[in-house]
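# Understanding the architecture of this molecule
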Amino acid sequence: MSLAADSFSQDPRVQEAKKLIQSALEEHQKRLEGHRSSHPDLREKYEQLLKDYTSARGGALWYPYIGSGFGKGALVELADGSVKYDLICGIGPHYWGHCHPDLIESSIDAALTDTVMQGHLQGNKDSVTLCQTATKLSGMDHCFLTTSGVMANENGLKLAFQKKHPAHRVLAFEGCFMGRTLSASQITDKPAFRQGLPANMDVSYIPFYDASCPEESTKRAVQTLKSHLNRYPGEYAVMCFELVQGEGGFYPGTRDFFMALIDVLKEHDVSVFIDEVQTFGRTPKLFAFQYFNLEEHVDIVTFGKVSQVCGTLFNEEFKPKPGLLSQTFTGSSASIRASQVIFDGLASNKFYGKGARVEQVHERITGHFKRIQSEHPGMIEGPFGIGAMIAFTPFSGRSEHVIPFTKKLFENGVITFVAGVSPMRVRMLAPVGSITDEQIDAALKIVEETLVEYAEQENGALAS
Ligand SMILES: Cc1ncc(COP(=O)(O)O)c(C=O)c1O
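Now for a quick tour of the structure. (Residues numbered from 1 in each chain as written. Predicted model: local features only at pLDDT ≥ 70, side-chain atom pairs only at ≥ 80, totals over all residues. Heavy atoms only, no water.)

### Focus: the packing of helix 5 (residues 125–138) against helix 11 (residues 333–346)
Interhelical geometry of helix 5 versus helix 11 gives an angle of 35° and a closest axis separation of 10 Å. Handedness of the helix 5/helix 11 crossing: left-handed. Taken together, the residues of helix 11 that come into contact with helix 5 (itself represented by D126, S127, T129, L130, T133, A134 and L137) are S333, I336, R337, S339, Q340, F343 and D344. (Axes fitted to C-alpha atoms, helices over the stretch in contact; angles between N-to-C directions. Helix = DSSP H or I, 4+ residues; strand = E, 2+ residues; numbered from the N terminus. Left-handed = near helix turned anticlockwise from the far one by under 90°. Contact = heavy atoms within 4.5 Å.)

### Digging into the sheet that holds strand 18 (residues 417–419)
The strand order 15-16-19-18 describes an open sheet built from 4 strands, whose pairing is antiparallel. Looking at strand neighbours, the two that pair on one side only are strand 15 (380–386) and strand 18, the edges of this open sheet. Strand-to-strand twist in this sheet, taken as the mean axis angle between neighbours without regard to direction, amounts to 35°. Two elements, strand 16 (residues 389–394) and strand 19 (residues 425–428), share 3 bridges in a ladder whose sense is antiparallel. Bridging across to strand 19, I390 finds its partner in M428. (Pairing = 2+ DSSP bridges.)

### Here's the deal with the pairing of strand 3 (residues 83–86)
Here strand 3 shows a buried face lined by V83 and Y85 and a second buried face lined by K84 and D86. In the sheet, strand 2 (residues 75–78) pairs with strand 3 via 3 bridges, with the strands oriented antiparallel. Counterpart to L75 in the pairing with strand 3 is Y85. Hairpin connection of strand 2 to strand 3: 4 residues between the antiparallel strands, including G81 at a positive phi of 90°. (Buried < 20%, exposed > 50% of the residue type's maximum accessible area, 1.4 Å probe, protein only.)

### A closer look at the sheet that holds strand 12 (residues 300–303)
Read from one edge of the open sheet, 7 strands run 5-13-12-11-8-6-7, paired in mixed fashion. The open sheet has two edge strands, strand 5 (142–146) and strand 7 (202–206), and neither has a second partner. The average undirected angle you get between the axes of adjacent strands in this sheet is 20°. With respect to the sheet, helix 8 (residues 214–231) is in contact with strand 6 (169–173), strand 7 and strand 8 (236–241), its orientation differing from that of strand 7 by roughly 155°. Running over the sheet, helix 9 (residues 255–267) touches strand 6, strand 7, strand 8 and strand 11 (271–276) and is turned about 170° from strand 8.

What follows is the structure, given as structure tokens:
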């Protein structure tokens with residue numbers, strides 16, 4: 001028996017309408033060929049829009065960014081008519097770029113289904129497929145979907161606590177970021193993000209890996225871990241790992257470093273929780289824990305951003321008791337379909353491995369930075385990071401220069417973002433699913449020109 005849902009989506013009229021939309025998309029995307037400044041006719045209206053948004057949301061935006069809702073791969077059109085290279089992708093999510101035909105198609109398919117949002121009480125077939133895909137590709141036993149990275153983390157923490165009740169303490173790395181709910185903001189190692197909030201978590205910190213002294217930093221981390229565990233025997237439930245510190249500034253650890261800690265954690269029955277909200281899809285393997293070869297040792301893994309729908313992956317012994325986890329929403333039907341397209345695309349052998357797209361994009365972007373280094377000595381440090389997480393440090397990482405530099409870069413047509421505190425770095429989370437080599441070259445040319453422009457303009461201030 002064929003389902004009405006299938007006969008509707010396969011109806012020739014629907015198929016024809018989809019074809020027409022795709023051909024219109026292709027035609028209008030021809031208008032976006034490179035960076036473009038804002039249009040004088042739209043500027044006044046845009047300024048007002050920014051003011052209205054600032055007032056409605058109760059705070060100014062970091063960048064004066066309001067999208068038009070149109071783009072082409074790494075190029076995005078703003079509502080002021082400007083077109084920019086998007087090398088930050090909403091801090092990660094737009095891995096397939098803007099207006100990718102496959103995501104337009106999956107969104108149309110989603111729009112033709114019965115509900116805008118899906119949930120844990122009433123999910124559709126596509127949620128089942130997505131859960132199965134995430135568990136298969138991660139090798140974990142179960143997957144619980146949710147709408148944000150921080151909620152995936154909250155759910156993961158609940159699993160860890162419930163398993164080791166009444167242990168209530170958490171271990172995490174110095175400089176880590178876990179999100180901004182009440183609990184996650186206690187773990188996120190940034191005092192400003194929890195200012196004025198009640199402390200509802202007992203968190204102890206471990207120093208992260210220092211590439212300049214691998215053995216010493218590993219020893220220091222293990223000693224700190226042991227001293228925490230000895231001070232509060234049996235009270236730690238979980239240690240949260242960011243394998244490449246994201247918000248902290250794109251600092252990767254190593255397998256040896258992580259294993260030195262994991263061995264101690266296992267001895268003390270403390271679960272290993274890997275937060276892959278930022279790393280998912282961006283390291284040279286689908287999951288960073290696979291890249292660092294930690295498959296045998298992880299208990300809970302969260303993913304987000306690139307995956308559109310977020311999730312908590314966990315092994316059998318962490319299965320929650322009824323009632324612990326549930327939410328109205330798993331995600332929108334469009335995000336669930338898009339997630340499937342992205343998971344399938346990432347699993348297709350085009351992205352990971354020698355010479356595959358993540359490596360190509362990495363090499364091309366970092367190649368530009370190495371050239372900039374040698375042509376403009378002292379202007380930047382780096383490049384840093386791995387895979388499609390690339391950062392550099394301009395102007396000695398002084399925030400009073402790095403922040404205005406990124407704003408100038410935005411004005412000039414390339415969107416990036418900052419990470420870390422001291423030094424503050426500029427980070428890039430490029431849309432690997434669609435960016436072309438030509439777009440990388442054009443965007444990096446603007447980065448180079450803006451570095452020179454900023455250095456010339458701030459010559460006196462930079463020297464002081
Ligand atoms: C490592 C990490 N964990 C958690 C989060 C929170 O994700 P979300 O902003 O989707 O709640 C982020 C977001 O930047 C992150 O980088």
